[in-house]
Every structure is written in structure tokens, then in C-alpha cells.
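One letter stands for each residue in the lines below.
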Amino acid sequence: MQANISTKLLHAFLALAEVKHFTRAAERCHLSQSAFSTVIQKLEAAVAVQLVERDTRNVTLTPEGELFVEVARALVSDIDAALSNMADYIARRKGRVSIAALPSLAANGLPGVIAEYKTQFPGITVQLFDALSDKCLGLLREGKVDFALTAPGVNLSEFDTRTLCSDPFYLVCRRDHPLAKRRRIKLTELAGCELIHLAKSTSVRQHVDLLTRGVAVTHTGLEVEHLATVAGLIEHGLGVSLVPELTLFQFRSLNLVAIPVEARQLVRPILIVKQKDRSLSIATKGMLDLIELRLKSVGTSSWHRRGAESAIHIFP
């Protein structure tokens, strides 16, 4: 049989066990003596055993009552600890936030937000997984992260998505390239350019392939996994590349130039992706609010450039 015992019953019994007097115990619990007696009777009915012996002058605990004192103290202590722990989570003194993000965002922009959040809420553990889009979604699907910051792709219909910010593309080339003096270029002006590509599994490559489909670009055959490799190949005159603004910090060379591409469609949306019908914790909501405040309101251009202008010449 499952006993229905409230903390009110437990506190009343412990008060009685301590003072051994119904009137004083009732006063301590802010109850009338008759109401207090009813509470003790309810507790005894719930545990199906007599806990106290009463007469007109004295109250004593039965042997079962002596045993139940320790049980009641343990239950009250556990409940108080659980409620205190819950209060810590609500106040963001404890908790965990787990994020999956594209490597470009995880390295540029997001670290500052995490540092600000940790300063405000040092008791919150923040986990960050930097991964390509498919891996980000996989971590989300497996429940290993609370939300993902990634680019559009296939298989997003199972998730809730909204746009965080837009990431415009740039042409990166050497300073001695024929297009290096241009302040802006159009997609059609890339005809004849030898493109160095990122791997087909990346959201950048998928976006670039789609948008250059009708442009007579030349494929160098160089297809690499890492942006640092792309930068090294460009610097040695092996081609040019189209990359999002968030990645420009990777091209830290005074011999390289980044030129904005004039094309409304040549923008990579960065999405906030989370599981449908799954509530976020207070700690996670706080982190997500801060991410949207710091990254969406400022925009990619200004918060990116602060760290990149000294490394690569970026035309406005």
C-alpha cells in the first residue's frame, strides 16, 4: 500500500516528537490543538501504525514512533535538499547547457558569448561541440545537445528552426590576383576563376555549388577539409575560394584579400535548431537569449571584423 504523506504531516510529527506536548507542538505549527490532533491521526492512518501514546498530561512515542522519527527526519531533509537544488537550477546557480555549432561560429563570435554567460552564471556547465552541419543535427537528434547553430540542409523538417543571422560570402584571393583591386564583385565576374573547394560534406561547399552552377568557373581539383588548408593553397597562387564572412579569421595573411560578392542569394543563413515539442531548461533559454542578443542584433559583419581586419584586408 502506498502511503500518502505530506511534509505538513512530517513536520507536525517531528514537532510533537521534540516537545512531547500537543498544545505546544500545535502552537509551533500554527494550528489549533484539534486541527493538530487530526494531522497526527492522518499520519498514523497513512503509515498504518500508532506512533504516539497520549494521556491527559503526557505524550510518549511508541517503539514504532521512535523508529519513524528517523524516517521523518530523513524524508524532510531529502525534500528540503531537493527543493534547494531546484531553486539553484531556477536561479541558474546550477545547470548545464550543451550546444552544437558550426566550427566557424564556434571559433568566432560564440566564445565571447559563452565567456559572458559564464561570468554571469559561473555555476552553469557549458558544453560546446564544434561540428559540420550533419553532425550538429545528429547530436541534437541523439539528445546530446540542447540546440544547434548550423546552416540550412536536408532533414530539417523534424526540427524547430529559426534564423539567427546571415553570413555573406567573400572571394578570397592573393593581392596580385586580377580581381584583388575590386571593392565588390558579381558572381558572373568569377568566370574563369580557379576555385579551391571545401569538402562536399560542408554547408559552405553545398551553398557555393548551388550558386555557381551557371557560372563558368574552373575547378582546380583541390578539395580539402580545413579552411587553413584553403588559405595556404590560395597564398601559393593555386586558386581562389568563396567563403562565408564568419570564416575569414582563418585567412590570416597580409598577402590575401577578401572581397564581398554582390549577390543577395549568396548568403548563408545561420539557424537555431532545436527539437520539436521539447522545452528548454531555464539555463539553456538564458544562453539562447544571450546568443540572439549578441549575435543577431550586432550582425555578422561588425563582430567578425573586429578580429579579422588586422589579419586580412577586407573591403567594406
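Whatever comes next refers back to the structure up there.
Quantities reported herein were computed from a predicted structural model and do not represent experimental measurements. (Residues numbered from 1 in each chain as written. Predicted model: local features only at pLDDT ≥ 70, side-chain atom pairs only at ≥ 80, totals over all residues. Heavy atoms only, no water.)

**A word on the overall build of the protein**
- The secondary structure content of the protein amounts to 11 helices and 13 strands.
- Relative to the globule expectation of 20 Å for 316 residues, the C-alpha radius of gyration of the protein, 32 Å, shows a markedly less compact shape.
- In terms of overall dimensions, the protein has a C-alpha envelope of 105 × 35 × 30 Å along the principal axes.
- For the protein, the residues scored as buried account for 45% of the 316 residues in total.
- Long-range pairs, those at least 24 residues apart, make up 74% of the contacts in the protein between residues at least 6 apart in sequence.
- Summing over all exposed atoms, the protein offers an accessible surface of approximately 16,300 Å²; the carbon and sulfur share of this is 51%.
- Charge centroids of the protein, computed over 38 positive and 32 negative side chains, lie 6 Å from each other. (Helix = DSSP H or I, 4+ residues; strand = E, 2+ residues; numbered from the N terminus. Rg over C-alpha atoms; globule rule 2.2 N^0.38 Å. Buried < 20%, exposed > 50% of the residue type's maximum accessible area, 1.4 Å probe, protein only. Contact = heavy atoms within 4.5 Å. Areas by Shrake-Rupley, 256 points an atom, 1.4 Å probe, with all protein chains shown as cover. Lys, Arg positive; Asp, Glu negative; His and termini not counted. Charge placed at Lys NZ, Arg CZ, Asp CG, Glu CD.)

**Overview of the packing of aromatic side chains**
- This structure, assessed with the given rule, holds three aromatic pairs.
- Seen in terms of ring centroids, Tyr 117 and Phe 121 are 5.1 Å apart; in terms of plane orientation they differ by 50 degrees. Their pairing is tilted.
- Residue class for Phe 121 comes out buried when judged on its relative accessible area of 16%. (Phe/Tyr/Trp six-rings, centres within 6.5 Å; stacked < 30°, edge-to-face > 60°.)

**Thoughts on the environment of Asp 160**
- Mapped onto the elements of the fold, Asp 160 is located in strand β6 (residues 159-174).
- We classify Asp 160 as partly exposed; its relative accessible area is 32%.
- A sequence separation of 113 residues divides Asp 160 from Val 273, and the C-alpha atoms of the two residues are 5.7 Å apart.

**Some words on helix α6 (residues 110-120)**
- Among the residues making up α6, those that are buried are Leu 110, Val 113, Ile 114 and Tyr 117. Mapping the buried residues of α6 onto a view down its axis gives an arc of 100 degrees, with all of them on the same face. (Arc of directions from axis to C-beta.)

**So, a nonpolar patch on the surface**
- On the surface, Val 71, Leu 75, Ile 79 and Leu 83 cluster together into a nonpolar patch covering about 320 Å² of accessible area.
- Position of Val 71 relative to the elements: it lies in helix α4 (residues 63-90).
- Val 71 gets classed as partly exposed once you look at its relative accessible area, which sits at 39%. (Patch = residues over 30% accessible without salt bridge, like charges linked within 9 Å, V, L, I, M, F, W, Y side chains within 5 Å. Salt bridge = Lys/Arg side-chain N within 4 Å of Asp/Glu carboxyl O.)

**Topic: the side chain of His 197**
- Tracing the backbone through its elements, the reader meets His 197 in strand β8 (residues 194-198).
- Its relative accessible area of 7% is what places His 197 among the buried residues.
- If sequence neighbours within four positions are ignored, His 197 has contacts with Arg 205, Val 208, Asp 209, His 219, Leu 222, Glu 223 and Val 224.

**Here's the deal with the state of the cysteines**
- According to the stated counting rule, one finds zero disulfides in the structure shown.
- The closest cysteine sulfur to the non-disulfide-bonded Cys 193 is located on Cys 173, 8.0 Å from its own sulfur. (Disulfide = S-S within 2.5 Å.)

Shape descriptors only; they carry no functional weight alone.
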